[in-house]
Amino acid sequence: MVERADVVVIGGGPGGSTVATLLARRGHRVVLLEKETFPRYQIGESLLPSTVHGIGRMLGVTEELEKASFMVKRGGSFRWGTNPVPWNFLFAVAPELSGPTSYAYQVERMKFDEILLRNAARHGVDVRENSPVADVLGDDERVRGVRYTDPDGVEREIHASFVVDASGNRSRVHQHVRGERIYSEFFRNIALFGYFTGGRRLPAPDSGNILCAAFDEGWLWYIPLSDTLTSVGAVISREHAARLQGDQEEALLGFVDRCAIVKDFLADATRVTEGTYGQIRTRKDYSYTNSTFHRPGMVLVGDAACFIDPVFSTGVHLATYAGLLAARSINSVLAGDVTEERAFDEFEGRYRREYRVFYEFLSAFYDMQGSEESYFWRARKVTNVAATNLEAFVSLVGGVHSGEAALTSADALIGEFRESSGALADAVERTGSMQTPSGERMHHLFGTPVVREVMQEMNNIQVRGVQGEQARELPLLDGGLVPAPDGLSWMEPTAVLEEAR
Ligand SMILES: Cc1cc2nc3c(=O)[nH]c(=O)nc-3n(C[C@H](O)[C@H](O)[C@H](O)COP(=O)(O)OP(=O)(O)OC[C@H]3O[C@@H](n4cnc5c(N)ncnc54)[C@H](O)[C@@H]3O)c2cc1C
């Protein structure tokens, strides 16, 4: 007999665990199929506050995350742009994020992802590990289920009203949505990373910050995972791929050598050579987005849908945010509140908006790094990207932040991105170095339009996490829906619009 569920979720990373938990909280029968047995290794260790305090609260894991003693991250420190000393981007001084929830964590993903997955099971999700999905079942009309291999090697089918693909970057399941994966010319990088013990820390209170430092061939991340363990990675141009074929340790240490601040921090450190963290790994970190995120019966969440350069630690935020949006849409359709088309238009509109504001922010951020002489940075200047390619990618993503049709021509786009980059560089200049007393000058950064856009939805999620049913949200999209009081589904905005009048 074929098994039946309301929803099958493929993949137990942060995106999959989030959507599954929020569906189960509305009483649906959810089966989550995960290829690996947890804990399993994953990169993407630096989180944002909206994941911890917004989504985390909706999932009911805030206390457990607190107990796990992850490194507290007040923000990011950057040796980037014209200022030779690092400067800070602190969450605490963002007007929206200030107060007791103005921090995030640096996490060992083996631990973090397992907390989220076990929490999903506690909420009633039927979690099956060591159960890779081999095929998605359906017909021209809609997707109707999956075929997977159980831990005994037996092939099984589950039929469901919805299939959520949250199977990450390297899986091919997303192809069943019948879209195309389109890559941005701007961010086609490769990452090479490993782990060290005994690395130095930034001075308190910034010792838990991520440090991102630019050098001629790219940039390095330096993430303190505990008092002793540090994750270090080099993000370089794909043209260097050949250099990574040889001795990878030599290559990584070579890049560290070229970046004064990280070299200094690692002067007395030792590379971890055993266990999970003993390996040096490489990953393509090309930015991409699928041409569509859903079709009837199926939806893409997290890296399965899109990915953007990791310099601002956005991956887990985008994956968990998409998990929340997908859960709201599926809950609404299963309850008969909203049509499938309207629910998923809201899902895709919000998700693309979030991707797009980060894309513009990151393009501006890369553009403000000087060194025109270096191949890596020259190739990542907004003015040096083929205008038509930028235009094609951005129109796929959904226009620039102002949303005006007139701005979608290639030249107008370049102008818009350059303006954002100039405003950002100017704000960084005025913010001063990280030694500037307190974060009081950070308002320069938070005042730039591109940063305000990036903060808007993250702030809404955090407010929702903290205020629960008291939170009131206006539509984010023209003619769009708003979250229901419990945050788990959509509703028409009539009442909130009347209240706001
Ligand atoms: C170099 C680099 C650095 C990064 N740094 C950061 C960072 O600092 N902060 C940040 O937030 N993000 C970062 N990211 C991004 C982050 O890694 C991802 O965005 C995030 O892990 C996406 O979560 P997910 O749930 O979509 O997918 P994943 O975490 O990849 O989870 C997908 C799950 O699906 C399972 N799966 C795959 N195929 C199947 C199948 N056929 N059947 C069943 N299960 C399957 C996998 O085993 C996996 O457990 C970085 C990425 C890169 C490449």
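If you're wondering where the values come from, they're calculated on a predicted model, not measured in any experiment.

Cut-offs applied
Residues numbered from 1 in each chain as written. Predicted model: local features only at pLDDT ≥ 70, side-chain atom pairs only at ≥ 80, totals over all residues. Heavy atoms only, no water. Near = heavy atom within 4 Å. Polar contact = N/O pair within 3.5 Å; in protein donor to acceptor, adjacent residues only side chain to side chain. Areas by Shrake-Rupley, 256 points an atom, 1.4 Å probe, with all protein chains shown as cover. Helix = DSSP H or I, 4+ residues; strand = E, 2+ residues; numbered from the N terminus. Buried < 20%, exposed > 50% of the residue type's maximum accessible area, 1.4 Å probe, protein only. Pairing = 2+ DSSP bridges. Contact = heavy atoms within 4.5 Å.

## Remarks on the site of the ligand
Move 1: Near the ligand, the surroundings consist of 37 residues, among which Glu34, Gln42, Ile43, Asp303 and Val316 are the closest.
Move 2: In the environment of the ligand, an oxygen atom lies 2.6 Å from a nitrogen or oxygen atom belonging to the side chain of glutamate 34.
Move 3: At 2.8 Å from an oxygen atom of the ligand is found a main-chain nitrogen or oxygen belonging to valine 316.
Move 4: The fraction of the free accessible surface of the ligand (1000 Å²) that becomes covered by protein chains is 95%.
Move 5: Those elements giving two or more residues to the shell around the ligand turn out to be helix H1 (14-24) and helix H7 (315-335).
Move 6: Ranked by residue count, the leading element in the shell around the ligand is H7, at three residues.

## Description of the pairing of strand E14 (residues 218-224)
Residues in a regular strand point their side chains to alternate faces of the sheet.
Move 1: Most of E14 sits inside the fold, with seven of its seven residues counted as buried.
Move 2: With five bridges connecting them, strand E13 (residues 210-215) and E14 associate as antiparallel partners. From the neighbouring strand, leucine 211 faces E14, where its bridge partner is tyrosine 222.
Move 3: Linking E13 to E14, which pair antiparallel, is a turn of two residues.
Move 4: With seven bridges joining them, E14 and strand E15 (residues 229-237) adopt antiparallel strand pairing. For tryptophan 221, the partnering residue across the bridge sits in E15 and is glycine 233.

## Looking at the environment of valine 133
Move 1: Turning to its location among the elements, valine 133 is positioned in strand E8 (residues 133-138).
Move 2: For valine 133, a relative accessible area of 17% corresponds to the buried category.
Move 3: Residues valine 133 and arginine 147, 14 residues apart in the sequence, show an inter-C-alpha distance of 5.9 Å.
Move 4: Not counting residues up to four positions away in its chain, the partners in contact with valine 133 are Ile10, Leu33, Val146, Arg147 and Tyr148.

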